[in-house]
Amino acid sequence: MSVETLLNRAPIAERFGGAIEDLGFAHGVHAFAAPPEMIVELCRFLKEHPALRFNFLSDICGVDHHPDAPRYEVVYHLYSLPNKWRVRIKCRLGDPPRVPSVTGVWRTANWHEREAWDMYGIRFEGHPDLRRIYMWEGFEGFPQRKDFPLRGYKDKLNPFGAEGTPPTQPDLATKNIPQGGPQGGRSTPAA
């Protein structure tokens, strides 16, 4: 049986004051809420502060709270290997969802942010290569958004999908993956 020590929240409160909301501690995870413009500074602080050392980014995920406003949220899960602490940072976003990239803090954020972009359409400003990671280039829409049809769009591969303009489809026989879409060949966001 291990005894977990509680996170020393004093350095965070001293540095950020009321700008970072303390959401408490539950299920072994300390939680905070941060505005998007402070996320990089907060993450760098949590990683580099000698008493905290959150040196592992476990995950970044998107959330769609439709029809509530603000609609989107990005959730960061961090772990301090030396201290064995877990932290969750919630960052609420408007529509369209935008937040600065934390790839400059943790390189692994590259893949996590690409996943949130691909599934939710959350734009990570300053990301070095924001493009789809699951869906093919040219796919239109973001499948984890609550307004995306549950059955997908109706087309020759999906006769039970929702009516509407279907996204482009790969040709499964030739494995030809179509290029194009609203961004002119890539599903990366416009600058």
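Residues numbered from 1 in each chain as written. Predicted model: local features only at pLDDT ≥ 70, side-chain atom pairs only at ≥ 80, totals over all residues. Heavy atoms only, no water.

Caption draft 1: Quick look at the overall build of the chain. Broken down by element type, the chain carries three helices and seven strands. In the chain, the succession of α and β elements from N to C terminus is α-β-β-α-β-β-β-β-α-β. By residue count, 42% of the 191 residues in the chain fall in the buried class. A fraction of 52% describes how many contacts in the chain between residues 6 or more apart in sequence connect residues 24 or more apart. Working note: accessible area of the chain is about 10700 Å², and carbon and sulfur atoms make up 53% of it. (Helix = DSSP H or I, 4+ residues; strand = E, 2+ residues; numbered from the N terminus. Buried < 20%, exposed > 50% of the residue type's maximum accessible area, 1.4 Å probe, protein only. Contact = heavy atoms within 4.5 Å. Areas by Shrake-Rupley, 256 points an atom, 1.4 Å probe, with all protein chains shown as cover.)

Caption draft 2: Spotlight on the packing of aromatic side chains. Going through the model one piece at a time under the given rule, you end up with three aromatic pairs. Consider the rings of Phe16 and Phe45, whose centres lie 5.4 Å apart with planes at 85°: the pair is edge-to-face. Here Phe16, found in helix H1 (residues 10-16), pairs with Phe45, found in helix H2 (residues 39-48); they are 29 residues apart in sequence, far enough to count as distant. With respect to class, Phe16 is no different from Phe45; both count as buried. Centre to centre, the rings of Trp117 and Phe142 are 5.1 Å apart; their planes meet at 65°, and the pair counts as edge-to-face. Placement of the pair is Trp117 in helix H3 (residues 109-120) and Phe142 in the segment after strand E7 (123-125), with a sequence separation of 25 residues. Take Trp117: its relative accessible area is 4%, and that puts it in the buried class. Across the ring face of Trp111, the terminal group of Arg114 is positioned such that the distance to the ring centre comes to 5.1 Å. (Phe/Tyr/Trp six-rings, centres within 6.5 Å; stacked < 30°, edge-to-face > 60°. Lys NZ or Arg CZ within 6 Å of the ring centre and 35° of its normal.)

Caption draft 3: Seen up close, the nonpolar core. Core analysis: the largest hydrophobic core is formed by 38 residues, its most contacted members being Ile12, Tyr76, Ile89, Val99 and Phe124. Listing elements by their share of this core, those giving two or more residues are H1, H2, strand E3 (56-64), strand E4 (72-80), strand E5 (85-93) and H3. (Core = buried A, V, L, I, M, F, W, Y, C linked by side-chain atoms within 4.5 Å.)

Caption draft 4: Summary view of unusual backbone geometry. In this chain, His66 is followed by Pro67 through a cis amide linkage whose omega measures 10°. Mapped onto the fold, Pro67 is located in the loop between E3 and E4. A cis geometry characterises the amide bond from Ala69 onward to Pro70, with omega recorded as -5°. With respect to the helices, strands and loops of the structure, Pro70 is situated in the loop between E3 and E4. The phi torsion at Arg53 lies on the positive side, around 50°, for a residue other than glycine. Its place among the elements puts Arg53 in the loop between H2 and E3. When its relative accessible area of 37% is taken as the criterion, Arg53 is described as partly exposed. Positive phi outside glycine occurs at Lys84, with the angle close to 60°. Within the secondary structure, Lys84 is located in the loop between E4 and E5. Given a relative accessible area of 55%, Lys84 falls into the exposed group.

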